[in-house]
Amino acid sequence: MDLFYVSTRNGQKQVKASEAILKGLSEDGGLFVPTRIPKLEVSLEELGKMTYQEVAYEVMKLFFTDFTEEELKHCIYSAYDSKFDQEEIAPLTYADGAYYIELFHGSTIAFKDMALSILPHLMITSARKNHVENDIVILTATSGDTGKAALAGFAGVEGTKIVVFYPKDGVSAIQEKQMVTQKGDNTCVIAIRGNFDEAQTGVKKMFNDRALAEELNQAGYQFSSANSINIGRLIPQVVYYVNTYAKLLNAGKIQAGEKINVTVPTGNFGNILAAYFAKHMGVPIAKLLCASNENKVLFDFFKTGVYDRNREFKLTSSPSMDILISSNLERLIYLVAGCDAEKNKALMEELQTVGKYEITEEMKTRLDDFYGNFATEEETAKSIHDLYEKTGYVIDTHTAVATTVYEKYKQETGDKTTTVIASTASPFKFTRAVMRAIDRDDASVSDLDLVDALSDAANVKIPNAIEEIRHAEVRHNKVCDVDKMQQSVKEFLGI
Ligand SMILES: *Cc1c(COP(=O)(O)O)cnc(C)c1O
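Let me sum up the structure you'll find in this document. (Residues numbered from 1 in each chain as written. Predicted model: local features only at pLDDT ≥ 70, side-chain atom pairs only at ≥ 80, totals over all residues. Heavy atoms only, no water.)

### What about the overall build of the protein chain?
Helix and strand counts for the protein chain come out as 22 helices and 16 strands. In terms of overall dimensions, the protein chain is globule-like: its C-alpha atoms have a radius of gyration of 21 Å, near the 23 Å expected for 495 residues. Principal axes of the C-alpha set define a box for the protein chain whose edges measure 60 × 50 × 45 Å. Classification of the 495 residues of the protein chain by burial places 61% in the buried group. Sequence separation of at least 24 residues holds for 75% of the intrachain contacts in the protein chain that already meet a minimum separation of 6. (Helix = DSSP H or I, 4+ residues; strand = E, 2+ residues; numbered from the N terminus. Rg over C-alpha atoms; globule rule 2.2 N^0.38 Å. Buried < 20%, exposed > 50% of the residue type's maximum accessible area, 1.4 Å probe, protein only. Contact = heavy atoms within 4.5 Å.)

Right, dumping it as structure tokens:
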């Protein structure tokens, strides 16, 4: 059955999956959502016997109904190949009472690879299907991990160019090195003097600028987005939750129908929304634990029903979650408003103008699937430390935020449900903070050289992604002010 997509700010106009992927964001500023969440067509038992790629096909074919089997399989097998250093793609590790889904075995060692290694293929296929003649210009704001994963995905892809903006002082040393050493003539990396939210707002502004779009069109270009607002990123993330449940079932760790909890370290709300989709596709998930760092807008939202971005922005050791406007939450708001685009639009306009909004009591009752909490910097470091002391397993700072929240949840509720924690980055990406947490920091050694000691401590081989950048040449060194973002893009495109 065909599945269509509508904007969260206009429920009327339906578009096909390929059109939604191409556009990224709807013209009215809304995000694309499917008109229904399809149910899985094969049993979880059967899925448990399949490879990751096969599960990916079973999930994605239900959402991308205008792709042929051949097209979709081509995208899947081009994405989930030897770029990943583990055959399982998203392996599970059990440590201290929880299962960690390791989502960092792709080429940039963060979970963004799970979606961004397939997005370029989905996008090129979508362009071909819709007879697009223009080159696609991917415009991305990154809090650190999306940037590199998108660059890696799109570098050298014919018919595309990619521009990445990152906050100059808002990413880790290794994240920055990964981005500024990116090869490929079609890539452009720019640091901005501002924070992630400002970068993201600047990018959204360019997307919504009709005059700019016309100028681009004249020059043979059109924008699209690789940010997690693109439905082509959200859907591939549903796969690993389906796969994880199926694999736990197949391994006899859970019984058929048994519910599990899922804990997700959250920033832009993409990853946890994917888990919510998995739940509504039929995966037995009880609670979705939304874990925030000290930028705890979401914790406050789940507690009070008020989303309020008017607060101090904090730079933490989990920079990919340093976000005050969680873009993907808009999709959830739209859904819990009963797919009422007008209501959602009004709330989003309030967010734009006064920086906050409050949902109704009725909408609040539909948030029962979620539990929110947060971790301070000290708690995060302590979780890394304690888990390492207990088990020898080293987790990164983002994952540790989730571990902390899971511990708080258990303390509060006594709930013993089997729980999986999304492990969103390799500890090698945040070496300094991780080594400090396990009492092995050495201030005389650079972040990049600290990887050797981490490798010894964790008894894990240094990932290729790190080896590659150690001696790589810096190819991007542009820095600009927030109000010059548009100008920088035009310069890069030569218009
Ligand atoms: C992006 C990112 C997150 C946050 O994911 P969202 O989908 O934006 O909520 C968490 N951890 C890491 C390592 C990330 O790169």
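Still more to cover.
### Observations regarding the environment of serine 444
Following the sequence through the fold, serine 444 ends up in the loop between α19 (431-437) and α20 (450-458). Between the alpha carbons of serine 444 and threonine 397 there is a distance of 22 Å; along the sequence they are 47 residues apart.

### With respect to the side chain of threonine 140
For threonine 140, the position within the fold is in strand β6 (residues 135-141). Residue classification places threonine 140 among the buried residues on the basis of a relative accessible area of 0%. Apart from residues lying up to four places away in sequence, threonine 140 is in contact with Thr146, Val163, Val164, Phe165, Val203, Ala226 and Asn227.

### Digging into the sheet that holds strand β16 (residues 478-481)
As summarised here, the arrangement of the 5 strands in space is β9-β6-β7-β8-β16, forming an open sheet in which the pairing is parallel. A single partner strand is all that each edge strand has here, and the edge strands are β9 (221-225) and β16. On average, adjacent strands in this sheet sit at an angle of 30° to one another, irrespective of strand direction. Both β6 and β9 contribute to a ladder of 5 bridges, which runs parallel. Looking across to β9, one finds that aspartate 135 is bridged to tyrosine 221. Strands β6, β7 (160-167), β8 (187-193) and β9 of the sheet are contacted by helix α9 (residues 196-207), whose axis makes an angle of about 150° with β6. (Pairing = 2+ DSSP bridges. Axes fitted to C-alpha atoms, helices over the stretch in contact; angles between N-to-C directions.)

### Overview of the environment of phenylalanine 196
Along the polypeptide, phenylalanine 196 turns up in helix α9. On the basis of relative accessible area, phenylalanine 196 is assigned to the buried category, the value being 4%. For the pair formed by phenylalanine 196 and alanine 422, sequence separation is 226 residues and the distance between their alpha carbons is 22 Å.

### So, the pairing of strand β14 (residues 370-374)
Successive side chains on a regular strand alternate, one facing one side of the sheet and the next facing the other. Counted residue by residue, β14 has 5 buried out of 5 residues, so it is predominantly covered. In the sheet, strand β11 (residues 285-292) pairs with β14 via 5 bridges, with the strands oriented parallel. Within β14, the residue paired with leucine 288 across the bridge is phenylalanine 370.

### Comments concerning the pattern of salt bridges
In total, this model carries 28 salt bridges according to the counting rule given. Across the salt bridge formed by aspartate 96 and lysine 390, the nearest N and O atoms sit 3.3 Å from each other. Linking aspartate 96 in the loop between β4 (92-95) and β5 (98-102) with lysine 390 in helix α17 (residues 377-391), this pair joins segments that are 294 residues apart in sequence. With relative accessibility at 32%, the residue aspartate 96 sits in the partly exposed group. (Salt bridge = Lys/Arg side-chain N within 4 Å of Asp/Glu carboxyl O.)

### Examining the site of the ligand
If you check the shell around the ligand, you find 15 residues, and the closest are Lys112, Asp145, Gly267, Asn268 and Thr424. Within the backbone of phenylalanine 269, one N or O atom sits 3.0 Å away from an oxygen atom of the ligand. Backbone polar atom of asparagine 271 to an oxygen atom of the ligand: 2.8 Å apart, as the coordinates give it. If the ligand stood free it would expose 380 Å²; the protein chains cover 98% of that surface. (Near = heavy atom within 4 Å. Polar contact = N/O pair within 3.5 Å; in protein donor to acceptor, adjacent residues only side chain to side chain. Areas by Shrake-Rupley, 256 points an atom, 1.4 Å probe, with all protein chains shown as cover.)

### Describing the nonpolar core
Core analysis: the largest hydrophobic core is formed by 114 residues, its most contacted members being Tyr5, Met60, Phe64, Tyr241, Val242, Phe269 and Tyr357. Looking at which element gives the most residues to this core, the answer is helix α11 (residues 231-250), with 12 residues. With near-sequence residues (within four places) excluded, phenylalanine 269 lies in contact with Cys290, Leu298, Phe302, Ser326, Asn328, Leu329, Leu332 and Phe370. With 41 residues, the next largest nonpolar core counts Val394, Ile438, Ala458 and Ile469 among its residues. (Core = buried A, V, L, I, M, F, W, Y, C linked by side-chain atoms within 4.5 Å.)

### Remarks on the sheet that holds β14
Ordered in space as β4-β5-β15-β10-β11-β14, the 6 strands form an open sheet in which the pairing is mixed. A strand with exactly one partner marks an edge of an open sheet, and here the two such strands are β4 and β14. The mean angle between the axes of side-by-side strands here comes to 25°, regardless of whether they run parallel or antiparallel. In the packing of helix α12 (residues 270-281) onto the sheet, the strands contacted are β10 (260-265), β11, β14 and β15 (419-423), and the crossing angle to β11 comes to about 175°.

### Here we look at unusual backbone geometry
Positive phi values are uncommon outside glycine, yet phenylalanine 269 reaches one of about 70°. Along the chain, phenylalanine 269 turns up in the loop between β10 and α12. The phi angle at cysteine 339 is positive, at roughly 55°, despite the residue not being glycine. Following the sequence through the fold, cysteine 339 ends up in the loop between α14 (329-336) and α15 (341-354). Note on cysteine 339: relative accessible area 41%, which makes it partly exposed.

### What to know about α11
Compared with an ideal rise of 1.5 Å per residue, which puts 20 residues at 28 Å, α11 spans 29 Å between its outermost C-alpha atoms and is within 8% of the ideal. Where α11 begins, the side chain of asparagine 230 points an oxygen toward the backbone nitrogen of glycine 232, at a separation of 2.7 Å. (Expected span 1.5 Å × (residues − 1).)

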